[in-house]
Amino acid sequence: MCTRKSPPQAREMVWDRSLRHGLAPLLVPSVLTPPRPLLQCSTVLLSFSRSFRKDPKSRVDFPATSVTVTEIKQYLRSKEIPFHDGYSCLHAPSFFLERGRERLGREGFSLFIDKTTGQFLCKETLVEGSWEDLQDCVEVMQKEGRASLSPDVLLGYPESQEEQEARESELREVQRIWSASTPFSDLPEEEAQLVKTMFGMGKIANATLKKFGVRFFKPTKSLVFPWFGGRDLALRGLKLLSARCEEAGGVAYADATLPRPSAYHNLFGLPLVGRKDLEVVLTGREVDALAVSQATGLPCLALPRGVSCLPPALLPYLEQFRRVTLWLGGDVRSWEASKIFARKLGLRRCSLVRPGELQPCPGEAMAAGRNLGRILKASIPAAHKSIVSFRQLREDVYGELANKEQVAGVKWARFPELNKILKGHRKGELTVFTGPTGSGKTTFISECALDLCMQGVNTLWGSFEINNVRLAKIMLTQFSMQRLEDSLEHYDAWADKFEDLPLYFMTFHGQQNIKTVLDTMHHAVYMYDISHVVIDNLQFMMGQENLSVDKFAVQDHIIGAFRKFATNNSCHVTLIIHPRKEEDDKELQTASIFGTAKASQEADNVLILQEKKLVSCPGRRSLQVAKNRLDGDVGIFPLEFNKASLTFSTPKSKTKLRKVKGDKAETPETVEVAERPEKPARGSKTPKAEKGLTGTEGKGGAEGGGKGVAGSGGKKQ
Ligand SMILES: Nc1ncnc2c1ncn2[C@@H]1O[C@H](COP(=O)(O)OP(=O)(O)OP(=O)(O)O)[C@@H](O)[C@H]1O
């Protein structure tokens, strides 16, 4: 919605800051400096020379130094600052409040310090900053013998004129839409009912809509959800939800926010929560919050970006609740998200509504006449023990069986062949990807990851070989499907859309220490709910390890660490590994992956970019799935490269079908899939796979597609 541009200088400044912190949001949109949301932006302490740029992203940067909760506690104790250990934050008395203004007792503690990042927020004055800012404030106070500090002691950089104009024009737009939209009680009854039906909230009363301030914007036929925030509960922004009837019969919903999603930190319903409320229901959609609130009378909040993320900046606002029930939706994705968010919120206080036929999302449950209170009562505690019985697992198992398609993961839009073989992209898995040097590994994985990212998979890139500008250029070209060099006038329009993708880059380049990389990945998962990390490539983590140790052992250690990370964080890791030196005319096999068999054992999926070095057909590539832990189907399909858009596709003309020979797949002319093979006896060949089965002809080939896979069936951690 916002199209203003920032001057190049502004972009550079933000970029530099991100570089310093090791993690950069893509082409940071300083462009869209939003109205200051619930939180103040990062700040500069006047008494110090260290400075921070005031930009909307600053609050989500990677900390210059990581801090542990033990260190935070030790520091507070050493400074004799009382604190209370909360769920995601430590609570302390705010020193930004004048003496006497603060409320007494623990309940009055209004300074919240994130236990994972050290980031702080004073909920009374809305001053916020990094862990370093907080220490600076304490030092100044103690040095000057003061009991409190004025909130103004922390100042942000002044906005550039352009930034200020952009912010003001955005605010005007928010106000314009808000005043032009109509409260439901002012709509003719018939029209109001029609709109409600269109948005699946036929049973929501006008009184509920009024309580939450929901309106209708006629020009775009959208629902308007307001964001009231700040100390004065002023209008900070809004979300517009539109509905469109599809030809197939369903209704498609689309939303847009002002400010843009990365700065839209509205916990919808927050102004209705009382200071003393101890229980809350979290939903993924505003309409669901209305349903829960109306049906149960419980405090209910909707997350600003649904199931895609829970920004840590919102955590202080959820600290007051002793019980949080997550009812994010009725599908597997919502279920996975609720388990991940519960970890951030503190497992002990969270319970989850398990999606199921009788437990769809709240809006649907209400429409179907279900008892929402009863569904909430039946929610299950998020904390689980490490040893469970089948009784505790049986619902999970049933859920997986009943929702096979959703469990199979996110489908690629550009690679239907990959869906046929791998079924989808799933959280918590490790994919190892290899291919000859210079064959196009980075280019291919870039498009594969972009495809998923465009469908809402929050993605983090670790590109150690090529720098982020080049990588972003490749991705933007793939995104726009054209040579942007030839149409620079379209650059900004595409870049605007590209900026809204949930895409982040580590700013490392060249050799990196595995611990630093893993720390950054952990941080990104916490901050942005990353669910796909791409590492290009493993060899760049080998150099800094102790070289007196066998290099294969080092590689195995690194692969083990990524495996563990993927499992523990429900995050998919795609790891590019170079192959060993092979003869040029030979196809690669799983065993060609550099190092020991550990990579293929630990991986859930092994993908190989095969390159056929034919004089008659140079540059011919195909993608082989050599291992697929989900259901064992393996196969290979040809890829055609479009040099202008840097994209891959399957050639349209179908020619002769070639056979898959176990791991040694010949370059095919069309898709070939071999179903999961029976395990061969030790030492024997994989006869059926070697016969080259395709389609559903039979079962052959080991997990990994055949003889090249050493120790297939390696255990997950
Ligand atoms: N199928 C293809 N046909 C021709 N050129 C290609 C193909 N795929 C990629 N390229 C081009 O080849 C070059 C190298 O591609 P890329 O960097 O993706 O390879 P890589 O396998 O990742 O390389 P490395 O082994 O150095 O990591 C790029 O300029 C890219 O545009």
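Just so we're clear, the structure is a prediction, and the values are computed from it rather than from any experiment.

## A look at the sheet that holds strand E3 (residues 84-85)
Across the sheet, five strands lie side by side as E3-E4-E5-E6-E7; this open sheet has antiparallel pairing. Pairing within the sheet leaves two strands with one partner each, and these edge strands are E3 and strand E7 (128-129). Looking at chain direction, strand E4 (residues 89-92) and strand E5 (residues 111-114) are connected through four bridges and run antiparallel. The residue of E5 that forms the bridge with His91 is Phe112. Against the sheet, helix H2 (residues 69-78) engages E3, E4 and E5, with an angle of about 10° to E4. Along the sheet face, helix H3 (residues 131-144) touches E5, strand E6 (120-122) and E7 and points at about 135° away from the line of E5.

## Regarding the packing of aromatic side chains
If you walk through the whole model with that rule in mind, you get 16 aromatic pairs. Judged by centre distance (5.4 Å) and plane angle (75°), the rings of Phe225 and Phe268 are edge-to-face. Highlighted residues: Phe225 in strand E11 (residues 222-229) and Phe268 in the loop between strand E13 (251-258) and strand E14 (279-283), separated in sequence by 43 residues. Here Phe225 and Phe268 have matching classes, each one buried. Over the aromatic face of Trp178 sits the side chain of Arg215, whose NZ or CZ is 3.8 Å from the ring centroid. Stacked on the ring of Tyr526, the Lys or Arg Lys344 has its end atom at 5.4 Å from the ring centre.

## Here's the deal with unusual backbone geometry
With omega at 0°, the peptide bond leading from Leu258 into Pro259 counts as cis. Relative to the elements of secondary structure, Pro259 occurs in the loop between E13 and E14. Residue Asn537 is reached from Asp536 by a cis peptide bond, and omega for that bond is 0°. With respect to the helices and strands, the residue Asn537 is situated in the loop between strand E22 (532-536) and helix H18 (551-568).

## Let's talk about the packing of helix H14 (residues 441-453) against helix H15 (residues 468-480)
Between H14 and H15, the shortest axis-to-axis distance is 10 Å and the interhelical angle comes to 60°. Of the possible angle classes, the one that applies to H14 and H15 is oblique. The two elements H14 and H15 cross, and the hand of that crossing is right-handed. Here Thr442, Thr443, Ser446, Glu447 and Leu450 of H14 lie close against H15, whose contacting residues are Leu471, Ile474, Met475, Gln478 and Phe479. Broken down by class, the residue content of the contact of H14 with H15 amounts to five nonpolar, four polar and one charged.

## Let's talk about H14
An α-helix turns once per 3.6 residues; consequently, residues spaced three or four apart project the same way. Look at H14: 18 Å from first C-alpha to last across 13 residues, which is about the 18 Å you get at 1.5 Å a residue. Of all the 13 residues making up H14, 13 are buried; the element is thus mostly covered by neighbouring parts of the structure.

## Description of the sheet that holds strand E15 (residues 300-302)
Spatial ordering of the open sheet is given by E15-E14-E16-E17-E18, a layout of five strands whose pairing is mixed. Looking at which strands have only one partner, the edges of the open sheet turn out to be E15 and strand E18 (380-381). One ladder, built from two bridges, connects strand E17 (residues 350-352) with E18; its direction is antiparallel. For Leu352, the partnering residue across the bridge sits in E18 and is Ile380. Strand contacts of helix H7 (residues 286-296): E14, E15 and strand E16 (323-327), with the helix running at about 170° to E15, the strand carrying the most contacts.

## So, the site of the ligand
Around the ligand, 15 residues are found, and the nearest of them are Gly438, Lys441, Thr442, Thr443 and Glu465. The side chain of Thr443 places a nitrogen or oxygen atom 2.5 Å from an oxygen atom of the ligand. Per-element accounting of the shell around the ligand gives the leading share, three residues, to H14. For the shell around the ligand, the per-class residue count stands at four nonpolar, eight polar and three charged.

## A word on the side chain of Glu417
Within the secondary structure layout, Glu417 lies in helix H13 (residues 416-422). Here Glu417 sits buried without a salt bridge, and the closest side chain of opposite charge, Lys420, lies 5.9 Å off (N-O distance). Among the polar contacts listed, one links the side chain of Glu417 to the side chain of Thr650, at a separation of 2.4 Å.

## Some words on the state of the cysteines
In the structure shown here, the tally under the stated rule is zero disulfides. Left unpaired, Cys245 is separated from the closest cysteine sulfur, that of Cys361, by 18 Å. Relative accessible area serves as the criterion here: at 53%, Cys245 is assigned to the exposed category. Cys300 provides the cysteine sulfur closest to Cys361, a residue in no disulfide bond, and the two sulfurs are 12 Å apart.

## Overview of the environment of Val67
On the secondary structure map, Val67 appears in the loop between strand E2 (44-45) and H2. Look at Val67 and you get buried, because its relative accessible area is 12%. When the C-alpha atoms of Val67 and Thr117 are compared, they prove to be 6.4 Å apart, with 50 residues separating the residues in sequence. Discounting residues that sit within four places of it in the chain, Val67 has contacts with Ile72, Thr116, Thr117, Gly118 and Trp131.

## A look at the side chain of Ser446
With respect to the secondary-structure elements, Ser446 resides in helix H14. Of the residues examined, Ser446 reaches a relative accessible area of 0% and is grouped as buried. Excluding residues within four positions of it along the chain, Ser446 makes contact with Trp461, Leu471, Ile474, Met475 and Gln478.

The rules we used
Residues numbered from 1 in each chain as written. Predicted model: local features only at pLDDT ≥ 70, side-chain atom pairs only at ≥ 80, totals over all residues. Heavy atoms only, no water. Pairing = 2+ DSSP bridges. Helix = DSSP H or I, 4+ residues; strand = E, 2+ residues; numbered from the N terminus. Contact = heavy atoms within 4.5 Å. Axes fitted to C-alpha atoms, helices over the stretch in contact; angles between N-to-C directions. Phe/Tyr/Trp six-rings, centres within 6.5 Å; stacked < 30°, edge-to-face > 60°. Buried < 20%, exposed > 50% of the residue type's maximum accessible area, 1.4 Å probe, protein only. Lys NZ or Arg CZ within 6 Å of the ring centre and 35° of its normal. Parallel < 35°, antiparallel > 145°, perpendicular 65-115°, else oblique. Left-handed = near helix turned anticlockwise from the far one by under 90°. Nonpolar A, V, L, I, M, F, W, Y, C, P; charged D, E, K, R; others polar. Expected span 1.5 Å × (residues − 1). Near = heavy atom within 4 Å. Polar contact = N/O pair within 3.5 Å; in protein donor to acceptor, adjacent residues only side chain to side chain. Lys, Arg positive; Asp, Glu negative; His and termini not counted. Salt bridge = Lys/Arg side-chain N within 4 Å of Asp/Glu carboxyl O. Disulfide = S-S within 2.5 Å.

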